[in-house]
Amino acid sequence: MEIISENACFGGTQGVYKHASESCHCDMTFGLFLPTEAKDGPVPVLWYLSGLTCTHENAMVKAGAQAWAAEQGFALVFPDTSPRGDGVADGEAYDLGQGAGFYVNATQAPWAAHFQMWDYIAEELPEFLGNNFPLDMERQAITGHSMGGHGALTLAMSLPGRFKSVSAFAPICNPSASDWGRKQLTAYLGEDEGLWAAHDASLLMRSTGFDGPILVDTGTEDQFLDLLRPETLAAAVSERRQEATLRLQKGYDHSYFFVASFMEDHISFHADALYGE
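Residues numbered from 1 in each chain as written. Predicted model: local features only at pLDDT ≥ 70, side-chain atom pairs only at ≥ 80, totals over all residues. Heavy atoms only, no water.

### Let's talk about the overall build of the chain
Then comes step 1: Counting its regular elements, the chain contains 9 helices and 9 strands.
Then comes step 2: Since a compact globule built from 277 residues should have a radius of gyration of about 19 Å, the 17 Å found for the chain is in line with a globular shape.
Then comes step 3: Reported as C-alpha extents along the three principal axes, the dimensions of the chain are approximately 50 × 45 × 35 Å.
Then comes step 4: Among the 277 residues that make up the chain, the fraction classed as buried is 58%.
Then comes step 5: As displayed, the chain offers around 11200 Å² of accessible surface, 48% of which is attributable to carbon and sulfur atoms.
Then comes step 6: For the chain, the distance from the average position of its 15 positive side-chain charges to the average position of its 37 negative side-chain charges is 5 Å. (Helix = DSSP H or I, 4+ residues; strand = E, 2+ residues; numbered from the N terminus. Rg over C-alpha atoms; globule rule 2.2 N^0.38 Å. Buried < 20%, exposed > 50% of the residue type's maximum accessible area, 1.4 Å probe, protein only. Areas by Shrake-Rupley, 256 points an atom, 1.4 Å probe, with all protein chains shown as cover. Lys, Arg positive; Asp, Glu negative; His and termini not counted. Charge placed at Lys NZ, Arg CZ, Asp CG, Glu CD.)

Given below as structure tokens:
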């Protein structure tokens, strides 16, 4: 592991680290905030998965999460959104390739060689973090924005017992029926739409649900609302009678100003779940 940077932050440490990933077959970078309580022993952890075009840095710098996490005494993990490097496949458009991993394991060329983001987030990085930092891996929660909200919801529903709670900011709720999804799922997984269902939050909600609380915020002025399709997740939650709070926030768009505005709510929501037992 290479230490890229470590800075004092709200009594704790905001670090950036690089390591060789066996899943993605390249170096991967992540951010990790450790509160001051980590000096005395393992602390709970909240994952934040970022959206299209983002790196580990966007939320780490813009979301304002560290102040609230420090108050609650838990860690924040900011993974990258895709594999990167000169030898890693990329697309010409912003929404495919590097910066657009969609948190799936690609099976199609040229993506399959490196784009194994599901395994990286679900298996490799948690093990790496647990072995190298004072984290209580029995107390995990997950959140994310846009493509990262999609990832947070699908991971939480697909890994029962892993996460105490899940939340999302403006998630892509129904990628198999959206231009933010059909393009990427076809490229990464192929044209068999039956394989896409495991990565569609609305379909997973109908088939599986989540064994804990859910919080989702989306802005009424989100410029990508038709691509996000929040109504499909709301319908699935209602049909399943899933424990969930789904909110439309008047006047807010898709930006990090929106994320920062409701970060305290999400941190408090996860703190209730992480410390509730």
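### Points about the pattern of salt bridges
Then comes step 1: Counted according to the given criterion, the structure contains 8 salt bridges.
Then comes step 2: Two residues, Arg84 and Asp80, come together in a salt bridge whose shortest N-O distance is 2.7 Å.
Then comes step 3: One salt bridge in this structure joins Glu239 and Arg206, with 2.9 Å as the shortest N-O distance. Of this pair, Glu239 sits in helix α8 (residues 230–240) while Arg206 sits in helix α6 (residues 201–207); the two residues are 33 residues apart in sequence, bridging distant segments of the chain.
Then comes step 4: Owing to a relative accessible area of 55%, Glu239 belongs among the exposed residues under this scheme.
Then comes step 5: One salt-bridge network, held together by shared partners, links Asp217, Arg247 and Asp265. (Salt bridge = Lys/Arg side-chain N within 4 Å of Asp/Glu carboxyl O.)

### Side note on helix α2 (residues 65–72)
Then comes step 1: Of the positions making up α2, those classed as buried are Ala65, Gln66, Ala69 and Ala70. On an axial view of α2, the arc spanned by its buried residues comes to 130°, and they lie on one face.
Then comes step 2: Packing partners of the buried residues in α2 comprise β1 (2–9), β2 (12–21), β3 (26–34), α1 (57–62), β5 (75–79) and α9 (256–274).
Then comes step 3: Directly beyond the C-terminal end of α2, a positive phi value near 80° is found at Gly73. (Arc of directions from axis to C-beta. Contact = heavy atoms within 4.5 Å.)

### Quick notes on the packing of α2 against α9
Then comes step 1: With their axes 9 Å apart at the nearest point, α2 and α9 run at an angle of 30° to one another. For the element pair α2 / α9, the angle class is roughly parallel. Viewed along their axes, α2 and α9 form a crossing whose handedness is right-handed. Here Ala65, Trp68, Ala69 and Gln72 of α2 lie close against α9, whose contacting residues are Met263, Glu264, Ile267, Ser268 and Ala271.
Then comes step 2: Classifying every residue of the contact of α2 with α9 gives 6 nonpolar, 2 polar and 1 charged. (Axes fitted to C-alpha atoms, helices over the stretch in contact; angles between N-to-C directions. Parallel < 35°, antiparallel > 145°, perpendicular 65-115°, else oblique. Left-handed = near helix turned anticlockwise from the far one by under 90°. Nonpolar A, V, L, I, M, F, W, Y, C, P; charged D, E, K, R; others polar.)

### Considerations on the environment of Ala152
Then comes step 1: Along the chain, Ala152 turns up in helix α4 (residues 147–158).
Then comes step 2: Through-space distance from the C-alpha of Ala152 to that of Ala201 is 9.2 Å; in sequence the pair is 49 residues apart.
Then comes step 3: Other than its neighbours up to four places away in sequence, Ala152 contacts Leu49, Ile142, Thr143, Gly144, Val166 and Ser167.

### What about the sheet that holds strand β9 (residues 245–249)?
Then comes step 1: The strand order across the open sheet formed by 9 strands is β1-β2-β3-β5-β4-β6-β7-β8-β9, and the pairing between neighbours is mixed. Strands with a single pairing partner mark the edges of an open sheet, and in this sheet they are β1 and β9. The average angle at which neighbouring strand axes cross in this sheet is 20°, direction not considered.
Then comes step 2: The strands touched by α2 within the sheet are β1, β2, β3 and β5, with β5 carrying the most contacts at an inclination of about 145°. (Pairing = 2+ DSSP bridges.)

### A word on the packing of aromatic side chains
Here the distance between the centres and the angle between the planes together describe a pair of aromatic rings.
Then comes step 1: Enumeration over the complete set of coordinates arrives at 13 aromatic pairs.
Then comes step 2: A ring pair is formed by Trp111 and Tyr188, whose centres lie 5.6 Å apart and whose planes are at 85°; its orientation type is edge-to-face. Of this pair, Trp111 sits in the loop between β5 and α3 (117–132) while Tyr188 sits in helix α5 (residues 182–189), and the two are 77 residues apart along the sequence.
Then comes step 3: Take Trp111: its relative accessible area is 6%, and that puts it in the buried class.
Then comes step 4: Accessibility expressed as a relative area gives 1% for Tyr188, which makes it buried.
Then comes step 5: Taken together, the ring pairs connect Tyr17, Phe30, Phe128 and Phe133 into an aromatic cluster. (Phe/Tyr/Trp six-rings, centres within 6.5 Å; stacked < 30°, edge-to-face > 60°.)

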